[in-house]
Amino acid sequence: MTGSRVVALGHYQPAKVLTNDDLAAMVDTSDEWITSRVGIRTRHVGGPDEPVDELAAHAAAKALASAGLQPADIDMVLVATSTAIDRSPSMSARVAARLGMGSPAVMDINVVCSGFTHALATADHAIRAGAATRALVIGADKMGDIVDWTDRSTCVLMGDGAGAAVVTADPEGGDRPGIGPVLWGSVPEMGNAVRIEGTPPRFAQEGQSVYRWATTQLPPIAREVCQRAGVTPEDLAAVVLHQANLRIIEPVARKIGAVNAVIARDVVDSGNTSAASIPMALSKLVERGEVESGAPALLFGFGGNLSYAGQVIRCP
């Protein structure tokens, strides 16, 4: 059975930057209040002429260029998103059309904040099963469209963006698979803790419930992800958690025990970009040379539906 690996990454964010001081002019908040509670200083926000599929296509084009591939080389497109307003055409079909692809399989995956790691596992499984050879896996969300900009508890959190990975077959992976086994699951009875509901849809969450769940229940699951991949937390070169909140990222990373790893903290500059957060943060780490090619990185998504999914990958 052929394994798979991530061979290239790309990311994209809208040009407009919204600072904490900008938000303080909109709602009753301050830079000190926001940074002390969630660690976010800025976030990028797209305009009405920047739909989700455009963000996704920009990130995908960058990843393809980095991989030295053409759009026609891709036979599967997976887009993880929870901010697609239209049901059809899907985001993946629209991205394929924007990039001028041939006839790829196209599929959207909505697992909110853990969508990218679910989609990455799905691509890995498809390649292992022989159903695909080169996949484009994208996390893209435009959270600014679904945030209540009058609610100071949620509007300070969110940003827009996209991240993409090119995944190919890896017949030489052997006992060092490029993408390790996924560990995924959910807590259905607590699914309402994170919601995107209504017409128009609006984001809401029970922040304290999510915080307690993430900081107490997720670290042992993340350690099991490492065990399944045959690495110890000390072996990790990077830990890329869903960029929800710095007050979640730092204690979870500490409890995992990845003492030698670079911890992604893109949330400080980008806010919570939902399914885009992990590929975007990883792409930036690799682009800046903060993690070496072939080094093991833990990717771990969590959030909406109180779902989670994680795997260890070898960095491109």
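Look up: the structure comes first, before these words.
Residues numbered from 1 in each chain as written. Predicted model: local features only at pLDDT ≥ 70, side-chain atom pairs only at ≥ 80, totals over all residues. Heavy atoms only, no water.

**Q** Would you mind going over the overall build of the chain with me for this structure?
**A** A count of helices and strands for the chain gives ten helices and 14 strands. Referenced to the eigenvectors of the C-alpha coordinate spread, the extents of the chain come out at roughly 55 × 45 × 40 Å. Across the 316 residues of the chain, 59% fall into the buried class. For the chain, restricting intrachain contacts to residue pairs at least 6 apart in sequence, the fraction spanning at least 24 positions comes to 76%. For the chain, the accessible area works out to roughly 12,500 Å², and carbon and sulfur atoms hold 48% of it. In the chain, 26 side chains carry a positive charge and 34 a negative one; their mean positions are 3 Å apart. (Helix = DSSP H or I, 4+ residues; strand = E, 2+ residues; numbered from the N terminus. Buried < 20%, exposed > 50% of the residue type's maximum accessible area, 1.4 Å probe, protein only. Contact = heavy atoms within 4.5 Å. Areas by Shrake-Rupley, 256 points an atom, 1.4 Å probe, with all protein chains shown as cover. Lys, Arg positive; Asp, Glu negative; His and termini not counted. Charge placed at Lys NZ, Arg CZ, Asp CG, Glu CD.)

**Q** Got a minute to help me understand the environment of G47 in this structure?
**A** Mapping G47 onto the fold places it in the loop between β3 (42-44) and α3 (52-67). When its relative accessible area of 19% is taken as the criterion, G47 is described as buried. Put simply, G47 and P14 are 33 residues apart on the chain and 8.0 Å apart in space, counted from C-alpha to C-alpha.

**Q** Hey, could you run me through the packing of α3 against helix α4 (residues 91-99) in this one?
**A** Helices that pack against each other are described as a pair by the angle of their axes relative to one another and the distance between those axes. Their axes nearest at 9 Å, the elements α3 and α4 cross at an angle of 55°. By the angle class used here, α3 and α4 are oblique. Between α3 and α4 lies a crossing of right-handed hand. Facing α3, whose interface residues are V52, D53, E54, A56, A57, A60, A61 and L64, α4 presents M91, R94, V95, R98 and L99. Across the contact of α3 with α4, the residue classes break down as nine nonpolar, no polar and four charged. (Axes fitted to C-alpha atoms, helices over the stretch in contact; angles between N-to-C directions. Parallel < 35°, antiparallel > 145°, perpendicular 65-115°, else oblique. Left-handed = near helix turned anticlockwise from the far one by under 90°. Nonpolar A, V, L, I, M, F, W, Y, C, P; charged D, E, K, R; others polar.)

**Q** How should the nonpolar core be read in this particular structure?
**A** If you look at soluble globular proteins, the nonpolar side chains tend to sit buried side by side. Counting residues in hydrophobic clusters, the biggest one holds 50 residues, and the most contacted among them are L236, L241, L298, F300 and F302. Breaking this core down by element, the ones donating at least two residues are α2 (31-38), α7 (207-229), β11 (238-241), α8 (246-256), α9 (267-270), β13 (296-303) and β14 (307-314). Ranked by residues supplied to this core, first place goes to α7 with nine residues. Filtering out sequence-adjacent residues up to four positions away, F302 remains in contact with C113, S114, W213, A214, L218, L241, H242, A244, I248, S307 and Y308. The next biggest cluster of nonpolar side chains, apart from the first, holds 33 residues, and it includes A123, A135, L299 and I313. (Core = buried A, V, L, I, M, F, W, Y, C linked by side-chain atoms within 4.5 Å.)

**Q** Would you explain the sheet that holds β13 in this entry?
**A** Two strands in a sheet stick together by hydrogen bonds in their backbones, pointing the same way (parallel) or opposite ways (antiparallel). Ordered in space as β8-β14-β13-β11-β12, the five strands form an open sheet in which the pairing is mixed. Two strands in the sheet have a free side with no partner beyond their single neighbour: β8 (183-186) and β12 (262-263). Pairing of β8 with β14 involves four bridges; the strand directions are antiparallel. Bridge pairing in β14 links S186 to S307. In the packing of helix α5 (residues 115-128) onto the sheet, contacts are made with β8, β13 and β14, and the angle to β14 comes to roughly 55°. Relative to the sheet, helix α10 (residues 277-287) contacts β11, β12, β13 and β14, its axis offset from that of β11 by approximately 150°. (Pairing = 2+ DSSP bridges.)

**Q** Just to check I follow, could you spell out the packing of aromatic side chains for this structure?
**A** Aromatic ring pairs: the centre-centre distance and the angle between the two ring planes describe each pair. Counted according to the given criterion, the structure contains two aromatic pairs. The interplanar angle of 40° and the centroid separation of 6.4 Å between the aromatic rings of F300 and F302 together place this pair among those described as tilted. Taking the relative accessible area as the measure of exposure, F300 reaches 1% and is therefore buried. An aromatic cluster of three or more residues is present, and its members are F300, F302 and Y308. Sitting above the plane of the W33 ring, R152 keeps its charged end 4.7 Å from the centroid. (Phe/Tyr/Trp six-rings, centres within 6.5 Å; stacked < 30°, edge-to-face > 60°. Lys NZ or Arg CZ within 6 Å of the ring centre and 35° of its normal.)

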